[in-house]
Amino acid sequence: MKYKYKLWAIFSVLFLLLFSGVIAMKISSEQNYKRSFILARLDGYADILAQTDDYQSIHSILPKDLRITILSKDGVVVYDSYEYSNGYENHIQRPEIKDCLRKGTGNAIRTSATSHQKNFYYAKRVGNNIIRVAQPFEMQLRDFFRPDWIIFITILLVFLVLWLCILLLVGRYNKKNKEAEEKRIRLLKQQMTNNISHELKTPVSSIRGYLETLSEYPDLDAERRQLFVERSYLQTLRLSELLNDISIINKIEEAPEQFSVEEVNLFNIVNEITEEFSQKIVQNKQSVENMLPVDLTVSGNYGLLYSLFRNLMENSVKYGGEGCELCVECSAVGDKFIHLVYYDTGKGVPDQYLHKIFDRFFRVDEGRDSHAGGSGLGLSIVKNSVAFHHGSISAHNREEGGLTFFFTLAKKLSA
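I will try to describe carefully the structure that is included in this document. Everything numeric here is computed off the predicted structure, so don't read it as measured data. (Residues numbered from 1 in each chain as written. Predicted model: local features only at pLDDT ≥ 70, side-chain atom pairs only at ≥ 80, totals over all residues. Heavy atoms only, no water.)

### Some details on the pattern of salt bridges
One pass over the full model with this rule turns up 14 salt bridges. Aspartate 80 is the salt-bridge partner of arginine 67, the closest N and O atoms lying 3.0 Å from each other. Residue arginine 67 is found in strand 1 (residues 67–72), and its partner aspartate 80 is found in strand 2 (residues 77–80); the two are separated by 13 residues along the sequence. Each member of the pair, arginine 67 together with aspartate 80, is buried. (Salt bridge = Lys/Arg side-chain N within 4 Å of Asp/Glu carboxyl O. Helix = DSSP H or I, 4+ residues; strand = E, 2+ residues; numbered from the N terminus. Buried < 20%, exposed > 50% of the residue type's maximum accessible area, 1.4 Å probe, protein only.)

Now the structure itself:
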């Protein structure tokens, strides 16, 4: 939910930035157009003045508020239609004059140093002189340069309509996605419930059968009675393992925040698991090679990392066969991720089943896990544990025989 709000906030900011950009471009474009319009008109007045030396006579046919100034190239005022008794300063530093000397024409909107009136100035170099014309930047001209707010309101309305359309489309898309996701979750839960029910039947039925036999035949010999008790106990262990694995998967998927995060040494975890399976490894004439760096650590959940490596190794110990070699190594350590490889030299998995081995309760051989006592959830826990640590995992058959798992783990997780 927080992610959705964050996405909407980002989208809203981008929308406002886009709208502001369009408005700014529109204002700039409109201002440039209007400035060009005024400059073209003043340039026409300058061209008329360039045809004569009788500036007073020409001024009578031009707009009355037009101020005419003729200057030499060094900024000295030769003629000015504005009568100023104190004499005229040198105009060489006026911005429009500086631009004119540099580019041939120049313009500026500023307050006159002589008349103290805000004017729109335009200067043009003609021969050895500079012709400067100016019009007061008063209400009429100011209104001319004022943005056309009707256009901006129209643009705003268009953006708002688009925004509402996007909201409706996204809302409809989210609703469909939500419905599809809810349907998917319902099907997954139904499938998991069916699978759990199927998996529970075998140990429960076995336990019930053994107990009923013990109850109905109290005269059973001690050896047979002990055998039935031991088999019942083994089935309770299988049942306990199944329930524990289901609990782990549900917790990872539905309440990952409940898992604590700490610095975990992966080398030590592999050694601990090797010690746990040491008796079976010796019985199967198998071997384990822990090639991880002694100081290799990640920020993660100890229990999930232990389950990850334990399930990988348990699979190899149970199904790898006699003489199988197990190996864990680190292929690379990046800035954000640790790249790991786990492989065994056992029997491997038929290629057509490789993409399914991480599915819940999937078995290559339906009877295999039941015989070995597995829950059928081991590799599903592996996949979920890797996902919890922001990594990815894939399985591949080795050409030499056996199965290889390539997976990554994030070096740092927020607590």
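Back to the write-up after that little detour.
### Comments concerning the pairing of strand 2
Here three bridges tie strand 1 to strand 2, and the two strands are oriented antiparallel to one another. Note on strand 2: the bridge partner recorded for leucine 71 is valine 77. In sequence, strand 1 turns back onto strand 2 through a hairpin of four residues, with glycine 75 there showing a positive phi of about 90°. (Pairing = 2+ DSSP bridges.)

### Some thoughts on the sheet that holds strand 4 (residues 118–126)
A sheet is described by the order of its strands in space; here five strands give the open sequence 2-1-5-4-3, paired in antiparallel fashion. Across the chains shown, the open sheet's two edge strands, defined by having one partner strand only, are strand 2 and strand 3 (105–111). Sheet twist, expressed as the mean angle between neighbouring strand axes with direction ignored, is 20°. Across the face of the sheet, helix 3 (residues 95–103) comes into contact with strand 1, strand 3, strand 4 and strand 5 (129–136) while running at roughly 170° to strand 3. (Axes fitted to C-alpha atoms, helices over the stretch in contact; angles between N-to-C directions. Contact = heavy atoms within 4.5 Å.)

### Some remarks on the pairing of strand 11 (residues 393–397)
With five bridges connecting them, strand 11 and strand 12 (residues 403–410) associate as antiparallel partners. Bridge assignment links serine 394 to a residue of strand 12, and that residue is phenylalanine 406. Connecting strand 11 to the antiparallel partner strand 12 that follows it, the hairpin turn spans five residues, and glycine 401 within it adopts a positive phi of roughly 110°.

### Focus: the packing of helix 6 (residues 222–254) against helix 11 (residues 378–388)
Two elements in contact, helix 6 and helix 11, have axes whose closest approach is 10 Å; the angle formed by their N-to-C orientations is 25°. Classed by the angle they form, the pair helix 6 and helix 11 counts as roughly parallel. Once helix 6 is placed against helix 11, the crossing between them reads as left-handed. Mapping the contact onto sequence places Asp245, Ile248, Ile249, Ile252 and Glu253 in helix 6 and Ser380, Ile381, Asn384, Ser385 and Phe388 in helix 11. The class makeup of the residues in the contact of helix 6 with helix 11 is five nonpolar, three polar and two charged. (Parallel < 35°, antiparallel > 145°, perpendicular 65-115°, else oblique. Left-handed = near helix turned anticlockwise from the far one by under 90°. Nonpolar A, V, L, I, M, F, W, Y, C, P; charged D, E, K, R; others polar.)

### Thoughts on the sheet that holds strand 9 (residues 325–333)
Reading across the sheet, the five strands line up as 7-9-10-12-11 and stay open at both edges, with mixed pairing between neighbours. Two strands in the sheet have a free side with no partner beyond their single neighbour: strand 7 (287–290) and strand 11. Adjacent strand axes in the sheet meet at a mean angle of 15°, parallel and antiparallel pairs treated alike. When strand 10 (residues 337–344) meets strand 12, the two strands line up antiparallel, connected through seven bridges. Within the sheet, the bridge partner assigned to histidine 339 lies in strand 12 and is threonine 408.

### Points about the packing of helix 7 (residues 266–276) against helix 9 (residues 302–319)
Between helix 7 and helix 9, the shortest axis-to-axis distance is 10 Å and the interhelical angle comes to 50°. The angle between the axes of helix 7 and helix 9 places the two elements in the oblique class. Relative to helix 9, helix 7 is oriented so that their crossing is right-handed. Between helix 7 and helix 9, the contacting residues are Leu266, Ile269, Val270, Glu272, Ile273, Thr274 and Glu276 on the first element and Tyr302, Leu305, Tyr306, Phe309, Arg310 and Met313 on the second.

### Re helix 3
Those residues of helix 3 not exposed but buried are Glu96, Ile97, Asp99 and Cys100. Looking down the long axis of helix 3, one finds its buried residues gathered within 165° of arc, a one-sided arrangement. At its buried positions, helix 3 is contacted by strand 1, strand 3, strand 4 and strand 5. Immediately downstream of helix 3, the backbone of glycine 104 shows phi near 100°, a positive value. (Arc of directions from axis to C-beta.)

### A look at the nonpolar core
If you look at the biggest cluster of nonpolar residues, it comprises 37 residues, and the most contacted ones within it are Leu266, Phe309, Leu340, Ile357, Phe405 and Phe407. With seven residues, the top contributor of residues to this core is helix 9. When near neighbours in sequence (up to four residues on either side) are disregarded, phenylalanine 309 contacts Leu266, Ile269, Val270, Ile273, Val328, Leu340 and Phe407. If you look at the next biggest cluster of nonpolar residues, it comprises 18 residues, including Ala46, Ile58, Leu66 and Phe120. (Core = buried A, V, L, I, M, F, W, Y, C linked by side-chain atoms within 4.5 Å.)

### What about the side chain of serine 299?
With respect to the element layout, serine 299 can be found in strand 8 (residues 297–300). A polar contact of 3.2 Å, which involves the side chain of serine 299, links it to the backbone oxygen of leucine 413. With residues up to four places along the chain from it excluded, the contact list for serine 299 reads Val261, Glu262, Glu263, His389, Ala410, Lys411, Lys412 and Leu413. (Polar contact = N/O pair within 3.5 Å; in protein donor to acceptor, adjacent residues only side chain to side chain.)

### Some details on unusual backbone geometry
Its identity as a non-glycine residue notwithstanding, lysine 285 has a phi of 55°, on the positive side. Located in the positive-phi region is histidine 390, a residue other than glycine, with phi close to 60°. With respect to the element layout, histidine 390 can be found in the loop between helix 11 and strand 11.

### Some remarks on the environment of alanine 50
By the element assignment, alanine 50 lies in the loop between helix 1 (2–49) and helix 2 (55–59). Among the residues examined, alanine 50 registers a relative accessible area of 31% and is labelled partly exposed. C-alpha of alanine 50 to C-alpha of asparagine 129: the two residues are 79 residues apart in sequence and 9.4 Å apart in space. In this view, alanine 50 contacts Val126 and Ile131; residues no more than four positions away in its chain are not counted.

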